[in-house]
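So the chains spell out like this:
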Amino acid sequence: MIHMLNAAAGRVKWTRSGAAKRAACLVAAAYALKTLYPIVGKRLKKSGYERKKGAAYRAEENGERLHCTETVCKKPSPGVNAAFFRQLLELRKILFPKLVTTEAGWLCLHSVALVSRTFLSIYVAGLDGKIVKSIVEKKPRTFIIKIVKWLLIAIPATFVNSAIRYLEGKLALAFRTRLVHHAYETYFTNQTYYKVINMDGRLANPDQSLTEDIMMFSQSVAHLYSNLTKPILDVILTSYTLIQTAISRGASPTGPTVLAGLVIYATARVLKACSPKFGKLVAEEAHRKGYLRYVHSRIIANVEEIAFYRGHKITELAGYTARVYNMFWVFDEVKRGIYKRTAAVEKLESHGKNGVNIELPLSDTLAIKGKVIDVDHGIICENVPIITPAGEVVASRLNFKVQEGMHLLITGPNGCGKSSLFRILSGLWPVYEGALHKPPPQHMFYIPQRPYMSLGSLRDQVIYPDSVEDMHDKGYTDQDLECILHNVHLYHIVQREGGWDAVMDWKDVLSGGEKQRMGMARMFYHKPKYALLDECTSAVSIDVEGKIFQAAKEAGISLLSITHRPSLWKYHTHLLQFDGEGGWRFEQLDTAARLTLSEEKQKLESQLAGVPKMQQRLNELCQILGEDSVPKTVKSEDETS
């Protein structure tokens, strides 16, 4: 380096000191360029991204073809930036809903422990200096006294270190408890758990966010507080001590303090520039873990089918903060009726390599203008359309009224909106237009074709979703449940499975017909005003299902049934029929006339089923005999005339 400076000074007639100054300026300029280039580049990319994104959405609004690439449509990666601090402040409102909380108490205790360790560290550092001084001054007595003090201070220091780890764990547990309670309260309010999966597409694995993400976020927050508070306290108190020592000895602390600050700042900038995006990596890791868990759950749930088909294909806090904040944000928007689904760009790019998923809010194209009004009696639909979560209009402007004591039969081809109507009546799908007057949810009970079998005892299957305490509060006993099972011809399983307290995997123990009858038993237990029956007895024998329907009518339950069995028509008074093309009709049901038409239809179908075979045989006979058939001759004469 010295030779290079001498050579440069000799050629351009610089002094050695001037060449050194110019070299230092070049090094500083190179460092500044290296530091500022990524920042400026990010700013330019961000502004370009915003312009492209705005242009893309404007083109989409004008009905133009939308070409999306990964650069335009991808979400910003999590990092320690303004968005991270905004998300953290929003989550703070959940962690500390008020000033005096359990979490605040643990945080104060943890802070006291951290401050105590800092003062102990300063005391031990001073004690170390005195021990070295006693060695240099050759004072054995002073040395022994200082060593004894050093050993004695190790006892409270060890206790404080253990207390810090314990309090950090308690603080993380308190944070996790608070977040879990808030998350599940939101998740199970207004059927958010259904709407997040079926009406919204922003959370791929809600179970991952509700369990592992919340746990890791809580641990990261507590750990980060511990790791940040202790060094900051150490720097402040140690700097204060050093400054006081320098002043007491007549030295100026300004120069060393400024130099230390510059070194710390430069080190931070270098680390930030060289370090990878840990937040993005953590978020991606959590996403892949969730997907892996989802794939394994599908394998476990469908292990038998897979075996038959021989199928075998199968900054840390910033990342977790982004995922947990996004989960609460989605839950809150879904509760308020704001749904966003990922619109596949494959429709626009035909599965191009640059095609990705972008979030398009349903509310931009389908504003929820309808009203849902709770009433004590009757179900009234006034100009209510049936619209799927994808925005497809299945049926338009339904107008009908079902009073108590009426029994409605709902028919139509597949995909015409029969089950979709039940989802609207149950509150799973929104009412986009018109007005829906219906009883509160506790007066309506939906029974699907495949009832859910819960974990628990046989008693729990009948009273689901109630608990045993709820059953007793309603005044039910096991004898009452036995009467209910008699109504659905299912009492034999009490003896067969070992009594009401038997706990089994009921979805595998009960047959298809038994599970459907268990669903009907729940209807008799809850005694709703209206029962929504969606092919719920398709695996039950005709004689048994007839007795069940008759018992339901005698219990005063109004039936709204989707069924293809003509044997059940006689248990209904009115008909709602969809034509599969958006049309519908609502009328009083004439069971006798409808059965006559159905028998005629079946007779014609059986007769026409043999026509193709008869035509084929006639063609074979004509070919063998070399003659034309009578129908062909008549047809040719008609064409000639």
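Residues numbered from 1 in each chain as written. Predicted model: local features only at pLDDT ≥ 70, side-chain atom pairs only at ≥ 80, totals over all residues. Heavy atoms only, no water.

An order of β3-β7-β4-β5 is seen for the four strands of this open sheet, with the pairing classed as mixed. Both outer strands of the open sheet, β3 (371-374) and β5 (393-402), are each paired with one neighbouring strand and no more. Taking each pair of neighbouring strands and ignoring which way they run, the sheet shows an average axis angle of 25°. (Pairing = 2+ DSSP bridges. Helix = DSSP H or I, 4+ residues; strand = E, 2+ residues; numbered from the N terminus. Axes fitted to C-alpha atoms, helices over the stretch in contact; angles between N-to-C directions.)

Following the criterion strictly, the structure yields 13 salt bridges and no others. The salt bridge involving Lys93 is made with Glu90; its shortest N-O contact spans 3.6 Å. Of this pair, Lys93 and Glu90 both sit in helix α4 (residues 82-95), three residues apart, which is roughly one turn of the helix. Residue class for Lys93 comes out partly exposed when judged on its relative accessible area of 48%. Where Arg459 meets Asp478, a salt bridge forms, and the shortest distance between an N and an O atom there is 3.0 Å. Residue Arg459 is found in helix α16 (residues 458-463), and its partner Asp478 is found in helix α18 (residues 478-487); the two are separated by 19 residues along the sequence. Relative accessible area serves as the criterion here: at 23%, Asp478 is assigned to the partly exposed category. (Salt bridge = Lys/Arg side-chain N within 4 Å of Asp/Glu carboxyl O. Buried < 20%, exposed > 50% of the residue type's maximum accessible area, 1.4 Å probe, protein only.)

The next point concerns the packing of helix α5 (residues 102-136) against helix α6 (residues 140-187). Relative placement of two packed helices is described by the angle separating their axes and the distance separating the axes. At a closest axis distance of 8 Å, the pairing of α5 and α6 adopts a crossing angle of 160°. In terms of axis orientation, α5 runs roughly antiparallel to α6. Between α5 and α6 lies a crossing of left-handed hand. When its residues are assigned to classes, the contact of α5 with α6 shows 23 nonpolar, five polar and nine charged. (Parallel < 35°, antiparallel > 145°, perpendicular 65-115°, else oblique. Left-handed = near helix turned anticlockwise from the far one by under 90°. Nonpolar A, V, L, I, M, F, W, Y, C, P; charged D, E, K, R; others polar.)

This part is about the nonpolar core. Leu425 and Leu560 are the most contacted members of the largest nonpolar core, which totals 56 residues. It is helix α12 (residues 316-335) that contributes the most residues to this core, seven residues altogether. Beyond its immediate stretch of four places on either side in the chain, Leu560 contacts Ile379, Val402, Leu408, Phe422, Leu425, Tyr530, Ala531, Leu532 and Leu533. Counting residues in each nonpolar core, the second largest holds 38 residues, with Val462, Phe549, Ala552 and Leu568 among its members. (Core = buried A, V, L, I, M, F, W, Y, C linked by side-chain atoms within 4.5 Å. Contact = heavy atoms within 4.5 Å.)

This part is about the sheet that holds strand β6 (residues 408-411). Each strand in a sheet pairs with another by means of backbone hydrogen bonds, the pair being arranged parallel or else antiparallel. What the six strands build is an open sheet, ordered β8-β9-β10-β6-β11-β12; its pairing is mixed. With one partner strand each, in any of the chains shown, β8 (444-447) and β12 (584-588) form the two edges of the open sheet. Strand-to-strand, the axes of this sheet are offset by a mean angle of 15°, without reference to chain direction. Note that strand β11 (residues 574-578) and β12 share five bridges and pair antiparallel. Bridge assignment links Leu576 to a residue of β12, and that residue is Phe586.

On to the environment of Thr238, then. Residue position: Thr238 is located in helix α8 (residues 206-248). Residues Thr238 and Ala125, 113 residues apart in the sequence, show an inter-C-alpha distance of 9.8 Å. Apart from residues lying up to four places away in sequence, Thr238 is in contact with Ile122 and Leu233.

What follows is about a nonpolar patch on the surface. Side chains of Ile135, Phe143, Ile144, Val148, Leu152 and Ile155 sit close together on the surface and give an oily, nonpolar patch of about 570 Å² of accessible area. As for its placement among the helices and strands, Ile144 is situated in helix α6. On the accessibility criterion, Ile144 (51% relative accessible area) is exposed. (Patch = residues over 30% accessible without salt bridge, like charges linked within 9 Å, V, L, I, M, F, W, Y side chains within 5 Å. Areas by Shrake-Rupley, 256 points an atom, 1.4 Å probe, with all protein chains shown as cover.)

Turning our eyes to something else, we now look at the confidence of the model for the protein. Here the protein shows a mean pLDDT of 76. Residues at 70 or above account for 73%. Across residues 49-74, confidence stays below pLDDT 50; counting only partners more than four residues off in sequence or on other chains, it has 32 contacts. The low-confidence segment residues 343-364, where pLDDT is below 50, has 51 contacts with residues more than four positions distant or belonging to other chains. (pLDDT = per-residue confidence, 0-100.)

The subject of this paragraph is the pairing of strand β4 (residues 379-387). Both β4 and β5 contribute to a ladder of seven bridges, which runs antiparallel. Residue pairing in the sheet places Ile379 in a bridge with Val402 of β5. From the end of β4 to the start of β5, which pair antiparallel, there are five residues, and Gly391 there has a positive phi angle of about 95°. As paired elements, β4 and strand β7 (residues 435-438) share three bridges and run antiparallel to each other. The residue of β7 that forms the bridge with Ile380 is His437.

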